[in-house]
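Now for the letters of each chain:
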Amino acid sequence: MSTIQFEIKEGIGIIRLNRPEKYNAFIREMALALQATLDQCEVDEEVRAIYLIGNGKAFCAGQDLGEVTGENPASFEVILSEHYNPIITRIRKMPKPVVCAVNGVAAGAGANIALSCDIVVASEHASFIQAFSKIGLIPDSGGTFFLPRLVGFQRAAALMMLGEKLTAEEAANMGMIYKSFVADQFEAESLKLAKQLAQMPTKALALTKQALNNSMHSNLFDQLLYEDKLQNIAARTSDYQEGVNAFMEKRNPSFKGN
Ligand code: LHQ
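Here, residues in each chain are numbered from 1, in the same order as that chain's written sequence. Reporting of local features is limited, given that this is a predicted model, to residues whose pLDDT is at least 70; pairs of side-chain atoms are given and counted only at 80 or more, and all residues count toward the totals for whole chains, interfaces and linings. Note: side-chain values were computed over all heavy atoms of the structure, leaving out hydrogens and water.

Enquirer: Please provide a residue-by-residue account of the sheet that holds strand β3 (residues 49-54), values included.
Expert: By definition, two strands form a pair when at least two bridges between them are found by DSSP. Only DSSP runs of H or I covering at least 4 residues are called helices, and only runs of E covering at least 2 are called strands; the numbering of each starts at the N terminus. Strands sit in the order β1-β2-β3-β4-β6-β9 across an open sheet of six strands; the sheet is mixed. The outermost strands of the open sheet, each flanked by one partner alone, are β1 (4-9) and β9 (179-181). The sheet shows a mean angle of 20 degrees between the axes of neighbouring strands, taken without regard to direction. In the sheet, strand β4 (residues 98-102) pairs with strand β6 (residues 119-123) via four bridges, with the strands oriented parallel. Opposite Val102, over in β6, you have Ala122 as the bridge partner. With respect to the sheet, helix α7 (residues 183-198) is in contact with β2 (12-17), β3, β4, β6 and β9, its orientation differing from that of β3 by roughly 160 degrees. What counts as an axis is a line fitted to C-alpha atoms, over the stretch in contact for a helix, and the angles between N-to-C directions run from 0 to 180 degrees. Here, residues are in contact when the closest pair of their heavy atoms is within 4.5 Å.

Structure follows, in structure tokens:
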């Protein structure tokens, strides 16, 4: 059985982590398959938004600890440089919006992969755990970058050091994620969000993402120049023409993604 399931539906590249019996914990095969699927989403013009979810009860329990223990444990150096770092890099450089639908527990690298996505929503039964300190590790997969920016330095330090479990509602209230949905509406509502994004001006969303990425290490004055540069690119897209024409003609726009 494939560790990653993938389908394209209504412009959405739907990626499902598929090791439900192990709470979708990562082994090398799944990490490489996720990278390959993200690459496919990047180049396939039919895909205009990406939706990442876990199969079964959990979203993802991070690294499969069975792979780093036992007779022939995988090396940490390989795990970060070949498994997780390329996943986070692909998500942030993806010129399309990535929605993470956290269906259940998200722990360790599983939590931080979620936080690297553009819009993170969760089922009311989901939870988030910076589980690393509990096994004597430091947060990886971009956690020390994203979490303090999302919730503030103090909360990030406490969450990472204590390794406490947060409910989806707590995570939404502190700005760690965008929204939580009641369980029976979660999949429909989160897919609706991805569908909405897939019908939007994809190039403008990619440039928005590029500007947000840049803001992480920029000052206001450099960022104003950067916005100027990217806005001039956005203004040359057909979707901009369509958006303005539709507004003037009092009709709904039909964006093609370029
Ligand atoms: C698992 C796992 C798991 C294997 C649940 N592995 N089987 C980077 C650098 C290099 C090396 C290390 O890692 C990293 C990045 C990281 O991600 S480090 C953090 C690794 N993850 C964790 O430490 C989390 C470990 N899991 C847990 O704390 C709990 O399982 C959580 C809180 C996720 C869920 O708790 P429960 O709801 O009580 O479920 P459970 O513990 O009963 O787990 C269900 C099954 O999933 C169980 O299998 P079994 O056959 O006994 O039913 C677990 O063994 C398996 N599982 N996480 N990471």
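Enquirer: How would you sum up empty space enclosed by the protein? Please name residues and give values.
Expert: In this analysis the probe radius is 1.4 Å and the grid spacing 1 Å, with only protein atoms considered; a cavity is a set of points the probe fits into but cannot get out of, a pocket is an open set with protein on both sides within 12 Å along at least five of seven lines, and lining residues have an atom within 4 Å of a point. Grid points are joined across faces, edges and corners, and a volume is the space filled by probe spheres set on the points. According to the stated counting rule, one finds two cavities of 30 Å³ or more in the structure shown. Within this model, the largest cavity holds a volume of roughly 40 Å³. Residue polarity follows a fixed list, in which Ala, Val, Leu, Ile, Met, Phe, Trp, Tyr, Cys and Pro are nonpolar, Asp, Glu, Lys and Arg are charged, and the others, Gly among them, are polar. Residue classes in the lining of the largest cavity are distributed as five nonpolar, one polar and one charged. The calculated volume of the second largest cavity comes to roughly 30 Å³. Broken down by secondary-structure element, the contributors of at least two residues to the lining of the second largest cavity are α1 (28-43) and β3.

Enquirer: Just give me the short version of the nonpolar core, but keep the residues and values in it.
Expert: Residues belong to a common nonpolar core when they are buried Ala, Val, Leu, Ile, Met, Phe, Trp, Tyr or Cys residues joined through side-chain atoms within 4.5 Å. Any residue under 20% of the maximum accessible area for its type is buried, any over 50% is exposed, and the rest in between are partly exposed; the area is computed with a 1.4 Å probe on protein chains only. Phe26, Val102 and Met176 are the most contacted members of the largest nonpolar core, which totals 48 residues. Beyond its immediate stretch of four places on either side in the chain, Phe26 contacts Leu17, Arg19, Ala31, Leu34, Cys60, Gly62, Gln63, Asp64, Glu67, Tyr84, Ile87 and Ile113. Core analysis: the next-biggest nonpolar cluster, separate from the first, contains 15 residues, Tyr51, Val99, Leu193 and Ala194 among them.

Enquirer: Let's hear about the side chain of Asn112: which residues, and what values?
Expert: Note on placement: Asn112 falls in helix α3 (residues 109-115). Its relative accessible area of 0% is what places Asn112 among the buried residues. N or O atoms closer than or at 3.5 Å make up a polar contact, with two conditions inside protein: a donor-capable atom paired with an acceptor-capable one, and, for residues adjacent in sequence, both atoms drawn from side chains. Of the polar contacts made by the side chain of Asn112, one reaches the backbone oxygen of Asp140; its length is 2.9 Å. Contacts of Asn112, omitting those with residues within four sequence positions, involve Ile88, Gln130, Phe132, Pro139, Asp140, Ser141 and Gly143.

Enquirer: Describe in detail the pairing of β6, supporting the description with residues and values.
Expert: Within β6, four of the five residues are buried, which leaves it mostly tucked inside the rest of the structure. As defined by bridge partners, β6 adjoins β9 across three bridges and the pair is classed as parallel. Opposite Ser123, over in β9, you have Phe181 as the bridge partner.

In short, geometric facts, not functional conclusions.
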